[in-house]
Amino acid sequence: MAMEARRSMCLADDADPSEISRSERNAGADEEGVYLMDATYEKDFTVRNSGKSFFLVWKVMQICYQLLGIGKQATQREIFYNILSTSSSYITSQNQVNSAIQDAVAVLLCTRRSLGILASSKGAVVGRLVIKEHGGDTVDCSNLGSSSYPISADMNMKQHFYSDARYILVIEKDAIFQRLVEERFFLKVPCIIMTAKGFPDLASRALLHRLHQEFPSMLIFALVDWNPAGLAIICTYRFGSIRMGLEAPRYVCDVKWLGLRNRDALTYVPATAFTSLTDRDMTQARSLLASKMLQNHKQYKQEILEMLTFGQKAEIEALYAHGYEFLAKFITKKIVRQDFI
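The following refers to the structure shown. This structure is a prediction, so every number in the text was calculated from the model and none was measured.

Rules used in this analysis
- Residues numbered from 1 in each chain as written.
- Predicted model: local features only at pLDDT ≥ 70, side-chain atom pairs only at ≥ 80, totals over all residues.
- Heavy atoms only, no water.
- Core = buried A, V, L, I, M, F, W, Y, C linked by side-chain atoms within 4.5 Å.
- Buried < 20%, exposed > 50% of the residue type's maximum accessible area, 1.4 Å probe, protein only.
- Contact = heavy atoms within 4.5 Å.
- Helix = DSSP H or I, 4+ residues; strand = E, 2+ residues; numbered from the N terminus.
- Phe/Tyr/Trp six-rings, centres within 6.5 Å; stacked < 30°, edge-to-face > 60°.
- Salt bridge = Lys/Arg side-chain N within 4 Å of Asp/Glu carboxyl O.
- Pairing = 2+ DSSP bridges.
- Axes fitted to C-alpha atoms, helices over the stretch in contact; angles between N-to-C directions.
- Expected span 1.5 Å × (residues − 1).

General note: in soluble globular proteins, nonpolar side chains tend to be found buried as a group. Residues Ile-193 and Ile-331 are the most contacted members of the largest nonpolar core, which totals 73 residues. Setting aside its immediate chain neighbours within four residues, Ile-331 contacts Leu-169, Leu-180, Phe-185, Leu-223 and Leu-258. Counting 20 residues, the second-largest nonpolar core is a separate cluster that includes Cys-64, Ala-100, Val-105 and Cys-110.

Turning to the side chain of Ser-204, a few remarks are in order. Summarising the element assignment, Ser-204 is placed in helix H7 (residues 202-214). Setting aside chain neighbours within four positions, we find Ser-204 in contact with Gly-123, Ile-151, Met-194, Thr-195 and Ala-196.

Further remarks concern the packing of aromatic side chains. The geometry of two aromatic rings is summed up by the distance between their centres and the angle between their planes. Counted under the stated rule, the structure contains 12 aromatic pairs. Ring centres of Phe-55 and Tyr-90 lie 3.9 Å apart, and the angle between their planes is 25°; this geometry places the pair in the stacked category. Here Phe-55 is found in helix H2 (residues 50-70), whereas its partner Tyr-90 is found in the loop between helix H3 (76-86) and helix H4 (94-108), with 35 residues between them in sequence. Residue class for Tyr-90 comes out partly exposed when judged on its relative accessible area of 31%. Relative to Phe-326, the ring of Tyr-268 lies with its centre 5.3 Å away and its plane at 55°, an arrangement referred to as tilted. You can see Tyr-268 sitting in helix H9 (residues 262-268) and its partner Phe-326 sitting in helix H12 (residues 326-336), a full 58 residues away along the chain. Among the aromatic side chains, those forming a connected cluster through ring pairs are Tyr-167, Phe-221 and Phe-340.

Looking now at the pattern of salt bridges. Where charged atoms of side chains with opposite charge meet at close range, the side chains can pair. Using the criterion set out here, one finds 15 salt bridges in the structure. A salt bridge links Asp-281 to Lys-313, with the nearest nitrogen and oxygen atoms 2.7 Å apart. Here Lys-313 lies in strand E15 (residues 312-313) and Asp-281 lies in helix H10 (residues 279-290), a separation of 32 residues in the sequence. The class for Asp-281 is buried, based on a relative accessible area of 8%. A relative accessible area of 18% means that Lys-313 is categorised as buried. Two residues, Lys-334 and Asp-339, come together in a salt bridge whose shortest N-O distance is 2.9 Å. Judged by its relative accessible area of 16%, Asp-339 falls in the buried class. Because the salt bridges share partners, they merge into one network encompassing Arg-261, Arg-263, Asp-264, Glu-303, Lys-334 and Asp-339.

On to the sheet that holds strand E7 (residues 138-140), then. In spatial order, the strands read E7-E6-E9; together these 3 strands make up an open sheet with antiparallel pairing. Looking at the sheet topology across the chains shown, the edges are occupied by E7 and strand E9 (160-162). Pairwise comparison of adjacent strand axes, ignoring direction, gives a mean angle of 15° for this sheet. Judged from the 3 bridges that link them, strand E6 (residues 130-132) and E7 form a sheet pairing that is antiparallel. Bridge pairing in E7 links Ile-131 to Val-139.

So, on to unusual backbone geometry. Geometrically, the link from Gly-259 to Leu-260 is a cis peptide bond, its omega value of -15° lying close to zero. Within the secondary structure layout, Leu-260 lies in the loop between strand E13 (255-259) and H9. In this structure, Arg-184 takes a positive phi of about 50° despite not being glycine. Structurally, Arg-184 is set in the loop between helix H5 (174-182) and helix H6 (185-188).

A word on H10. Over its 12 residues, H10 runs 17 Å from end to end, which matches the ideal 16 Å to within 8%, given 1.5 Å per residue. Packed against the buried residues of H10 are helix H8 (228-239), strand E14 (275-276), helix H11 (298-310) and E15.

Here the focus is the pairing of strand E10 (residues 167-171). Judged by how many residues are buried, E10 sits mostly within the fold: 5 of 5 residues are covered. Every second residue of E10 is oriented toward a common face, with Tyr-167, Leu-169 and Ile-171 on one face and Ile-168 and Val-170 on the other, all of them buried. In this sheet, strand E11 (residues 191-195) lies alongside E10 in parallel orientation, the contact comprising 5 bridges. Within the sheet, the bridge partner assigned to Ile-168 lies in E11 and is Ile-192. Here E10 pairs with strand E12 (residues 219-223) via 5 bridges, running parallel. Residue Leu-169 lies in a different strand from E12, and its bridge partner there is Phe-221.

Below, the structure written as structure tokens:
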């Protein structure tokens, strides 16, 4: 089966409803992100707890059927409590429900959005973006003062977007995001600024993907800590994640790594601001080096190798050693010089 055919399986009406394997072994990667190949798997119900996982998949389908019947939506957390209140002997954690949802998506070859499942959101957006809500209200994200616009959990995204920005700036940390909001950075550099406040949730990724579709000429830049977790965040936006299964290619964007990078850290971060890589950091770094998605990205791999060689990491806040105004100047300079990968 050709790669494009594999990627369109979730849209095929006559596709085989076998469950697609979401394992690393069944994953591929290219410039457009990670994707699943055509291997399937079966669950052996003679194995302990397999019956429970089978029940949870059908329970999720039942709840989704009810949601669609009444035109409502629910978050994964709400589905968890729904099952907990009616079938508590089959469930012990949210992760079980999350996995069952992905199993349902894989069996039905559809998206969670089409099943009426909302993505819990923790992200925010601000800057040169006007959002016209489905109900008719209009929000100018440049006039929100010190606040910001919360990213909607509804991935149907019936809003209309308008913008005169040239860039989208994705910020790893809420504290850095708030600093740029306070300085109204988007008035100095025409941009939209968004954050998922750490590792990107699905709703934030969906919004970024929608903005990329609406404004394809806008360059998307990411500002993250100089550590393996920072690169993992960029990779999630850029390539998707295997655990998302067939949905993975739907939320990826061509995100450029603006900073912090090795040269930035060694140039601007004081020696006292570095901290040693932890065992977890090194494990994550080696996992990234071995991942299929980075096999053709030598610059990303080189950054990871330099982190491991140096044995230390740095946070964006270390730039404040040069004054609170330095952050905006640092970002502007890198954009103007096209210093990104």
